[in-house]
Structures are given as C-alpha cells and as structure tokens.
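Here are the chains, one letter per residue:
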Amino acid sequence: MAAQAQSIVVPTDAELLQAQADLWRHSLYYLNSMALKCAVELDIPTAIHRLGGAASVPGLITALSLPAAKLPFLRRLMRLLATSGVFTFDNSTEMYRINAVSYLLVDGITDDRHINHKSFVHTATSTRYIDAAIGLAHWFKKDAMTHPFHDLHGVKLFDESMENHDADYHKMANEALAAHDHFGVDIALEQFRPLFEGLTSMTYCICSDGDDRTARAIVKIFPHIKCTVLANPKFIGTITRPDAAINYVAGDMLKFIPPAQAVGLKLALHHWNDEHCVKILAQCKKAIPSREDGGKVILSDIVIESSPGPMREAHLLMDVGMMTMTEGRERDENELRDIFMKAGFSDYKLYKFGARGVFEVYP
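What counts, and at which threshold
- Residues numbered from 1 in each chain as written.
- Predicted model: local features only at pLDDT ≥ 70, side-chain atom pairs only at ≥ 80, totals over all residues.
- Heavy atoms only, no water.
- Helix = DSSP H or I, 4+ residues; strand = E, 2+ residues; numbered from the N terminus.
- Buried < 20%, exposed > 50% of the residue type's maximum accessible area, 1.4 Å probe, protein only.
- Contact = heavy atoms within 4.5 Å.
- Areas by Shrake-Rupley, 256 points an atom, 1.4 Å probe, with all protein chains shown as cover.
- Lys, Arg positive; Asp, Glu negative; His and termini not counted.
- Charge placed at Lys NZ, Arg CZ, Asp CG, Glu CD.
- Expected span 1.5 Å × (residues − 1).
- Arc of directions from axis to C-beta.
- Phe/Tyr/Trp six-rings, centres within 6.5 Å; stacked < 30°, edge-to-face > 60°.
- Lys NZ or Arg CZ within 6 Å of the ring centre and 35° of its normal.
- Domains from an automatic or database assignment.
- Polar contact = N/O pair within 3.5 Å; in protein donor to acceptor, adjacent residues only side chain to side chain.
- Pairing = 2+ DSSP bridges.
- Axes fitted to C-alpha atoms, helices over the stretch in contact; angles between N-to-C directions.
- 1 Å grid on protein atoms, 1.4 Å probe; cavity = no way out; pocket = protein on both sides within 12 Å on 5 of 7 lines; lining within 4 Å.
- Points joined across faces, edges and corners; volume = space filled by probe spheres on them.
- Patch = residues over 30% accessible without salt bridge, like charges linked within 9 Å, V, L, I, M, F, W, Y side chains within 5 Å.
- Salt bridge = Lys/Arg side-chain N within 4 Å of Asp/Glu carboxyl O.
- UniProt positions renumbered as here; feature names shortened; annotations may be inferred.

By the naming in an unreviewed UniProt entry, the protein chain is O-methyltransferase domain-containing protein, taken from Eragrostis curvula.

I tried to follow the overall build of the protein chain on my own but got confused; where do I start?
Scanning the protein chain for helices and strands turns up 20 helices and 10 strands. Looking at the protein chain as a whole, 42% of its 363 residues are labelled buried. Here the analysis covers contacts within the protein chain between residues at least 6 apart in sequence; of these, 63% occur between residues at least 24 apart. Here the protein chain displays about 19,500 Å² of accessible surface, and carbon together with sulfur accounts for 57% of that area. Looking at charge distribution, the protein chain has the averaged site of its 37 positive side-chain charges lying 2 Å from that of its 44 negative ones.

Would you mind showing me how to read helix 6 (residues 71–83) here?
Given 3.6 residues to a turn, an α-helix orients residues that are three or four positions apart in the same direction. Between its first and last C-alpha atoms helix 6 spans 18 Å; for 13 residues at 1.5 Å apiece the expected length is 18 Å, and the two agree. Burial in helix 6 covers these residues: Leu-74, Leu-77, Met-78, Leu-81 and Ala-82. Burial along helix 6 is one-sided: seen end-on, the buried residues are contained in an arc of 135°. In helix 6, the exposed positions angled more than 90 degrees off the buried face are occupied by Arg-76, Arg-79 and Thr-83.

Honestly, the packing of aromatic side chains in this entry has me stumped. Any pointers?
To describe a pair of aromatic rings, you give the distance between the ring centres and the angle between the ring planes. Taken as a whole and assessed by the stated rule, the structure comprises 9 aromatic pairs. By the ring-pair criterion, three or more aromatic residues cluster together here, those being Phe-192, Tyr-351 and Phe-353. Just above the ring of Tyr-169 sits the side chain of Arg-128; from NZ or CZ to the centre is 5.4 Å.

Sorry if this is basic, but what is going on with the domain arrangement of the protein chain here?
By domain assignment, the protein chain separates into domain 1 (13–109), domain 2 (132–179) and domain 3 (184–362). Distance from the C-alpha centre of domain 1 to the C-alpha centre of domain 2: 29 Å.

Looking at this model, I keep getting lost on the side chain of Asp-212. Mind explaining?
Within the secondary structure, Asp-212 is located in the loop between strand 4 (201–205) and helix 16 (213–221). Within the structure, the side chain of Asp-212 is placed 2.7 Å from the side chain of Tyr-248, a separation counted as a polar contact. Excluding anything up to four places from it in sequence, Asp-212 contacts Ile-206, Phe-235 and Tyr-248.

Quick question: what am I supposed to make of the sheet that holds strand 6 (residues 246–250) here?
Spatial strand order, 6-5-4-7-8-10-9: 7 strands in an open sheet with mixed pairing. Bordering the open sheet on either side are strand 6 and strand 9 (347–353), each of which pairs with just one other strand. This sheet shows a mean twist of 20° between the axes of neighbouring strands, independent of strand direction. Judged from the 5 bridges that link them, strand 4 and strand 5 (residues 226–231) form a sheet pairing that is parallel. Among the inter-strand pairings, Thr-203 is bridged to a residue of strand 5, identified as Thr-228. Running over the sheet, helix 16 touches strand 4, strand 5, strand 6 and strand 7 (262–266) and is turned about 155° from strand 6. In the packing of helix 20 (residues 333–342) onto the sheet, the strands contacted are strand 8 (296–301), strand 9 and strand 10 (356–362), and the crossing angle to strand 9 comes to about 145°.

Can you help me understand the environment of Thr-110 in this one?
With respect to the helices and strands, Thr-110 occurs in the loop between helix 7 (100–103) and helix 8 (118–124). Along the primary structure Thr-110 and Glu-190 are separated by 80 residues, whereas in three dimensions their C-alpha atoms are 19 Å apart.

Is there a simple way to explain empty space enclosed by the protein in this structure?
Gaps between atoms show up when a probe of the same size as a water molecule is rolled over them. Per the counting criterion, the structure on display carries 1 cavity of 30 Å³ or more. The computed volume of the largest cavity comes to approximately 260 Å³. Ala-188, Phe-196, Thr-214, Lys-266 and Ser-300 are the residues nearest the centre of the largest cavity, which is lined by 22 residues in total. Listing elements by their share of the lining of the largest cavity, those giving two or more residues are helix 14 (185–191), helix 15 (194–197), strand 4, helix 16, strand 7, strand 8 and strand 10.

Honestly, a nonpolar patch on the surface in this entry has me stumped. Any pointers?
A surface patch of nonpolar side chains, amounting to about 510 Å² of accessible area, comprises Trp-24, Leu-28, Tyr-30, Leu-31 and Leu-80. Here Tyr-30 shows up in helix 3 (residues 30–42). On the basis of relative accessibility, which here comes to 48%, the residue Tyr-30 falls in the partly exposed class.

What is the right way to read the UniProt feature "active site" (unreviewed entry) in the protein chain from this model?
With numbering matched to this structure, UniProt assigns "active site" (unreviewed entry) to His-270. By secondary structure assignment, the location of His-270 is in the loop between strand 7 and helix 18 (274–287). Setting aside residues up to four positions removed in sequence, His-270 forms contacts with His-180, Asp-301, Ile-302, Met-322, Gly-328, Arg-329, Glu-330 and Arg-331.

Looking at this structure, how should I read the pattern of salt bridges?
When charged atoms on two side chains of opposite charge get close, those side chains can pair. Counted under the stated rule, the structure contains 20 salt bridges. The residue Glu-333 makes a salt bridge to Arg-337 at a minimum N-O spacing of 3.8 Å. Of this pair, Glu-333 and Arg-337 both sit in helix 20, separated by 4 residues, roughly a single helical turn. Each of the salt bridges in this network shares a partner with another, and the network as a whole consists of Asp-274, Arg-329, Arg-331 and Glu-335.

Here is the structure:
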C-alpha cells in the first residue's frame, strides 16, 4: 500500500490551475456542438456563401432577418464557431469567412464533389442521440448488452423499427448516413484508379439502407467492369430506374455474395461486431478467385489514427458514437488485420484517404 501511495504524482500548483480550465473545456465541449447546430438551423453558412463567402456580424443580422438586439449575442456565437474551426475570422476586416468545414454546410452548391452535411449535424445533435449519450453511465451498470440508443428508445438506428417509430427521424438519419458514406466517392475513384483498371467484374455490396450511387459511379468511370450490386430486397424493390450497366441481386452478404473478380465494401464493417465482420469477409473470399487470378476485396472504412491529434480524436469520437448509437465500432489497423486473417485472407495493402482508409485485401 505504501509503495502504491508513493507512485501517485501530486500535480503542481500551476498544473492544478490549468486543470480547472481544462475541466471547463471538457465539461462544456457540448456547447461547440450546440453552437454548430444553431448555425445550421439559422443557415449561417449558406448566408455567408451568398454574401460572397465573407460577412460581418451586422451583415448576417440583416441577411438572416434577425432582431437587431441579437447582434451582440450573434457576435459571441460566431467568435466561438471561428475558434472551434467552423468559420475563419479576418481580424483586419472583422469578417467571418467560409472555410472547408462550413463549405460542407452550404445549400445550393452544384459541384458534384460537394455533399451537404446538414442532415449529419441535425442527426448527431438531436435529442435522441444526446439522451442516449447522457445515459451511458446508467447503461454501463446494466447487464443488458443492447446498445444505449436501443436500450433507451426501444428501436435501432437505421432500422425498420426506427422507421415505424418515427418516420421523419428515420428519413433524416438515413440522409445523414448517405452524406457520410458517399462523400468523397468521386475523389476516391480518381485517386485509386489503378485499383479498378485491371478488373473485369466486381460485386458491390450495399449495407443496410444504402443505395447504389457508388456502384453507378464505378461503372460510369470504368465501363469495362461488369458490376453486380448485392442489396436487401427492400432496396431492390425501390429501384425505378436501374442502371443498365449493373446487375441487381437481392440477398444478404452474411450468407452469399455473387462471384466476381473483386468485391467492394464501403463503410460497411464499422456497422458490425467482429464476428459478423469475419462472416462477411469469409463470404467475400468465397466470391473471388485466387490472388494470382486478380481476386481481391476493395474496402473502405474508418481506420483509427495511431498518432495523437485532431484526426485520432475525431476517430475516437466516432467510435464512442458507434458504441452509443449502434452495434458497430471503429477499429485501428491491427484490429482490422486480425479480422482479415480470421476470415482467411493472406495479405492486404492500406492507403490513407482523408479520415478513412482504403484496403486491398488478398486471398
């Protein structure tokens, strides 16, 4: 016991004083999210964009038709949003400018590479999300293994049970999922063109309530690839204008994947536990030929950054978010390697792609 007591390092006075400020910051981080939610609900990014990409606070008051008395309060909100990186602030002109983060929240941009992420903000800052997170300590004390969102609301996110419970929220959450999943597809297909150029056939697996936009992008850029889309029967039934270059098959990737030279998975594994990931990848392995014959799985997923910094923090926040709201999780490279090996694969290559990784996995 004495030895244990001696190992405790008592903070210095300076460290204790700094610690109080750090506790303020950690305890009030949620106000960053609420300020962002407020900006999206007021449509501040779109207003600044329409004003030429920069605006003063008085200019925003006018553009947003807000009461003039709210000017000092909007100034305080914008100051926090700039400090947290949502906007940039020009001290010389006292103007707030659109940056890369707020660009993703602007309405009406026709650039194909722009996907509006407002639905993601609305979903992640909703009371359904927040209430589930507030109950984490209560959930940890319970024997039940259902995730906190399901435990609290009695329904599963992105599931038919959620649609039956609250159709509007289900629609918004799936719009958020689509924005999250489809962002950067055109950039990836351009950047990783060599991964696709030698392929003659590919099966693209749609996870949950996803859609075929990625498969359509693949056959548009690589028309030589014979593409099959595997999706649940519900999605197949909604297709009114199928792409003539794609063969659509209704099925379950846990049970069967149509044979092809390659199988494509995009942000699918992080929705599943390790056991299900191994089953999915085992079906992928059955569907492809040997490595010598060009067989491989091309998959993208979040790979937890190993080095400290904002990217690792973003990944770990996503991981705890997945733990709270779904049955899935984010994984680091070693954890993904273990899943590949358990599914019977022999090797892989990892390429970094923004906040995600792209893998070539070989049988």
